[in-house]
Amino acid sequence: MTPGQYILVVDDDDDFREALSEVLTEAGYPVQKAENGEVALGKVSEEAPGIVLLDLKMPVLDGWGVMERMRGDAKSAAVPILILSAYGFEWEAELLGAQGYIPKSVGMDEILERVRKAAGPPPLRH
C-alpha cells in the first residue's frame, strides 16, 4: 500500500464494520467504510484504495458483484481484495480475483495480522 492510500472496509454489519475500522485506525491505517457494494464502488471510483476488505453477503450489491465490476474496470482492476466472510467461499473468491480470504471467525487480531501481510505497514504520518 502506498502512502496516502486507504483501506476500504465493505460490510453491511454495522458493528463488525465499525469494530474492524477502529482496529485498523488504531494500527495506523487510514480507513474508509461502505455499508454495501454500491457505496463501495462509488468510493473506489473517487479514489482507488490500497486494499479492499470485502464481505460477500450484502444487500444492494454483494461482494461478488463488487469484485466483478472492480476487475472489469481498468482503474480498479489491480486493487487487492481480501474477502472477509462468515461463509466458506475461499476457492471461489480466488477464482474471481481476490488476493485472499479471511474467515470472520478468526478474530480481530488475526484479521489485522493478515491485513498487515497483504497491505504492508501503515503509511507514515507527517
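Rules used throughout
- Residues numbered from 1 in each chain as written.
- Predicted model: local features only at pLDDT ≥ 70, side-chain atom pairs only at ≥ 80, totals over all residues.
- Heavy atoms only, no water.
- Salt bridge = Lys/Arg side-chain N within 4 Å of Asp/Glu carboxyl O.
- Helix = DSSP H or I, 4+ residues; strand = E, 2+ residues; numbered from the N terminus.
- Buried < 20%, exposed > 50% of the residue type's maximum accessible area, 1.4 Å probe, protein only.
- UniProt positions renumbered as here; feature names shortened; annotations may be inferred.
- Contact = heavy atoms within 4.5 Å.

For the protein, the name recorded in an unreviewed UniProt entry is Response regulatory domain-containing protein, with Anaeromyxobacter oryzae as its organism.

Peer 1: Got a minute to help me understand the pattern of salt bridges in this structure?
Peer 2: Opposite charge on two side chains allows them to pair when their charged atoms are near. Applying the stated criterion across every chain yields a total of seven salt bridges. The salt bridge partner of Asp55 is Lys104, with a shortest N-O separation of 3.6 Å. With Asp55 in the loop between strand S3 (51-54) and helix H3 (63-71) and Lys104 in the loop between strand S5 (100-103) and helix H5 (108-119), this residue pair connects regions lying 49 residues apart in the sequence. Neither residue differs from the other here; Asp55 and Lys104 are each classed as buried. Residues joined in a network through salt bridges with shared partners are Asp11, Asp55 and Lys104.

Peer 1: So what exactly am I meant to see when it comes to the UniProt feature "modified residue: 4-aspartylphosphate" (unreviewed entry) in the protein here?
Peer 2: When the UniProt feature table is mapped onto this chain, "modified residue: 4-aspartylphosphate" (unreviewed entry) is found at Asp55. According to the relative accessible area criterion, Asp55 is buried, its value standing at 5%. Residues in contact with Asp55, not counting those within four places in the same chain, are Val10, Asp11, Asp12, Gly63, Leu84, Ser85 and Lys104.

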